[in-house]
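Inside the fold
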Amino acid sequence: MSFSTDKVARAVRQAVTDGLLAEDRPVAGLLDVGGVRESVSALRGAFAGVPEVLHAFAAKACPLVPVLRLLADAGLGCEVASPGELRLALDAGFAPERIVLDSPAKTRGEIREALALGVALNADNLGELDRIDALRPEHCSSVLGLRVNPQVGGGSIGAMSTATAQSKFGVALRDPGARERVVEAFVRRPWLTRLHAHVGSQGCPLPLIAEGLAALHGLAEEIDARAGRRQVTSLDLGGGLPVNFADDSVTPTYAAYVAALTAVEPALLDGRYGVVTEFGRSLLAKNGVTVARVEYVKEAGGRRIALTHAGAQVATRTVFMPASWPLRVSAYGPDGTPKQGPLTPYDIAGPLCFAGDVVAHAHPLPELAEGDLVVLHDTGAYYFSAPWAYNSLPRPAVYGCLFEEDGEDGREVGEEEGEESARDGRRGAGVLFATVRAAQSAREISLENGADRADALLAGFAARPRG
Ligand SMILES: *Cc1c(COP(=O)(O)O)cnc(C)c1O
């Protein structure tokens, strides 16, 4: 549910003991695996009254194959929005019929592949429907839908608001003539059976999301009435439950989301339409933290600055939009025990070479020193899993944590048998780690940036560039 301050302290201490955080391993992401399973349970519990529902995790929130496989194992489907995300979802083991493809700029090749696999697909616009007309094989098992923008307005973060009047996503439903064109598009295509909307993510209030989804329901009924048949069989409700970044509590809950939806449109979840959800941030954010070593502490203009290894490469949104994406920071000693003492404001800066690379400004913390560790809380989604390659910083290692009390079958963590767990699982007092992604090496960074064709601009010219 939430990687509580208490559990974070235990995980950090054990990670230091196990050598996962050290001078030459100065930053890592940690995920609370039991917490992720609890979040999935809360989601499934909130929708338990809906007869037909597919909870498709939005892969972009945490596109790590072992995490996706964990979610598949917990009963989720997967929402993808690029060929790379589709590959990750397939490699994680999601059955094609439990994958939903939503990218806004699908090529003909991507559409063809999705239809051949039987992956569900939501067209972004009417032009994409024309393409599907031409590409749809005779026997096609893909559920096909159309994304609409109910244009109910935005929330507190413009870049996260997908239902504004001029949003780039979906068919803008309130534009003159648009609703009629959508209804006609459905009536002409009996294979088009799903309506999709994603009203917004972080910063969008529940009543706004509910209003947009009620509009989706109203449109489905109108299409069915005009078609004279039950044409729309499912509604894809998008994602976007906001996450509380201020403390450990999970609010709003999935139950509150369901209550908000049914308050505005009681029929929305009554089972007449199958339901797809696409939650991302709310499933993972509070189950992950970023831990980084303090390399130096200095002072400038009367402000204390801690130079750490977590900057914009792992907290891109927070660095560029600090007011919209503030993070809680806590401090630990070199051995991983929580720091005590009077609080002083610190700028928690990162390792990147631009002045704005600061993840927290004037954040009150106990006195920091070289070798201490700082924790950026609630960073399990869209942070270490979506690194930015600026300054050629490596993608950081990510570890899953399993706590003693969360072990399966009541087994004590550390008692597991077999070579696999002895090799991959790191044992310790109540916390086990599994590597989700190893830190990227300098050699890998170089290869990714053309090291295997270093001569290309000296001698690599050919009439037609190859590969
Ligand atoms: C990003 C996205 C989601 C997930 O949003 P969260 O805020 O992470 O829950 C769901 N659906 C679509 C179409 C998206 O683009």
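The present account deals with the structure reproduced in this document. (Residues numbered from 1 in each chain as written. Predicted model: local features only at pLDDT ≥ 70, side-chain atom pairs only at ≥ 80, totals over all residues. Heavy atoms only, no water.)

1. Quick notes on helix α2 (residues 33-46)
In an α-helix, one full turn covers 3.6 residues, which means residues spaced three or four apart are oriented alike. This is how it is decided: Think of it this way: any DSSP run of H or I at least four residues long counts as a helix, any run of E at least two long counts as a strand, and we number them from the N terminus. How far a helix is expected to stretch is found by multiplying one less than its residue total by 1.5 Å. Note on classification: 1.4 Å probe, protein chains only; a residue is buried when its accessible area is under 20% of the maximum for its type, exposed when over 50%, partly exposed between these limits. Throughout, a residue-residue contact means that at least one pair of heavy atoms, one from each residue, lies within 4.5 Å. As used in this structure description, the phrase polar contact means that two N or O atoms lie within 3.5 Å; if the pair is within protein, one of them must be able to donate a hydrogen and the other to accept it, and residues adjacent in sequence are counted only when both atoms belong to side chains.
With 14 residues, α2 extends 20 Å from end C-alpha to end C-alpha; this agrees with the ideal 20 Å at 1.5 Å per step. Taken as a whole, α2 has its buried residues at Gly 34, Gly 35, Val 36, Ser 39, Val 40 and Leu 43. Close packing links the buried residues of α2 with β1 (27-32), β2 (53-58), α3 (65-73), α9 (254-264), α10 (281-284) and β17 (397-403). Regarding α2, its N-cap is Asp 32, as a side-chain oxygen of that residue lies 3.3 Å from the backbone nitrogen of Gly 34 further along.

2. Details of the site of the ligand
Put simply, the rule is: Whether a residue is near a molecule or strand depends on its heavy atoms: it is near if one of them lies within 4 Å of it. Methods summary: accessible areas were calculated by the Shrake-Rupley approach with a probe of 1.4 Å, and residue burial reflects only the protein chains presented. A cavity here means a set of points on a 1 Å grid, drawn over the protein atoms and nothing else, where a 1.4 Å probe fits but cannot get out; a pocket is an open set with protein on both sides within 12 Å along at least five of seven lines, and a residue lines either one if it has an atom within 4 Å of a point. Think of it this way: if more than half of a molecule's atoms are within 2 Å of a pocket's grid points, that molecule is in the pocket or cavity. Basically, the charged four are Asp, Glu, Lys and Arg, the nonpolar ten are Ala, Val, Leu, Ile, Met, Phe, Trp, Tyr, Cys and Pro, and anything else, Gly included, counts as polar.
Around the ligand, the structure places 15 residues, and the nearest of them are Lys 60, Ser 201, Glu 278, Arg 281 and Tyr 382. Separating an oxygen atom of the ligand from a side-chain N or O atom of Lys 60 is a distance of 2.8 Å. If the ligand stood free it would expose 390 Å²; the protein chains cover 93% of that surface. The cavity where the ligand resides is the second largest pocket. Of the residues that constitute the shell around the ligand, the class distribution is three nonpolar, six polar and six charged.

3. Describing the packing of aromatic side chains
The test is simple: The pairing test for Phe, Tyr and Trp rings, Trp by its six-membered ring, is centres within 6.5 Å, and the orientation test on the planes gives stacked under 30 degrees, edge-to-face over 60, and tilted for anything in between. Either the NZ atom of lysine or the CZ atom of arginine qualifies as a charge over a ring when it sits within 6 Å of the ring centre and within 35 degrees of the ring normal.
This structure, assessed with the given rule, holds 10 aromatic pairs. For the ring pair Phe 47 and Tyr 257, a centre distance of 6.3 Å and an interplane angle of 45° mean the geometry is tilted. With Phe 47 in the loop between α2 and β2 and Tyr 257 in helix α9, the pair connects residues that are 210 residues apart, well separated along the chain. A residue is classified by how much of its surface remains accessible, and Phe 47, at 1% relative accessible area, is buried. Cluster of aromatic residues (ring-pair linked, three or more members): Phe 47, Tyr 254, Tyr 257 and Phe 279. For the cation-ring pair, Arg 230 lies above Tyr 273, with the distance from its terminal atom to the ring centre recorded as 5.7 Å.

4. Focus: the layout of surface pockets
Convention followed: Grid points are joined across faces, edges and corners, and a volume is the space filled by probe spheres set on the points.
Considered as a void within the structure, the second largest pocket measures approximately 480 Å³ in volume. Grouping the amino acids of the lining of the second largest pocket by side-chain chemistry returns nine nonpolar, eight polar and eight charged.

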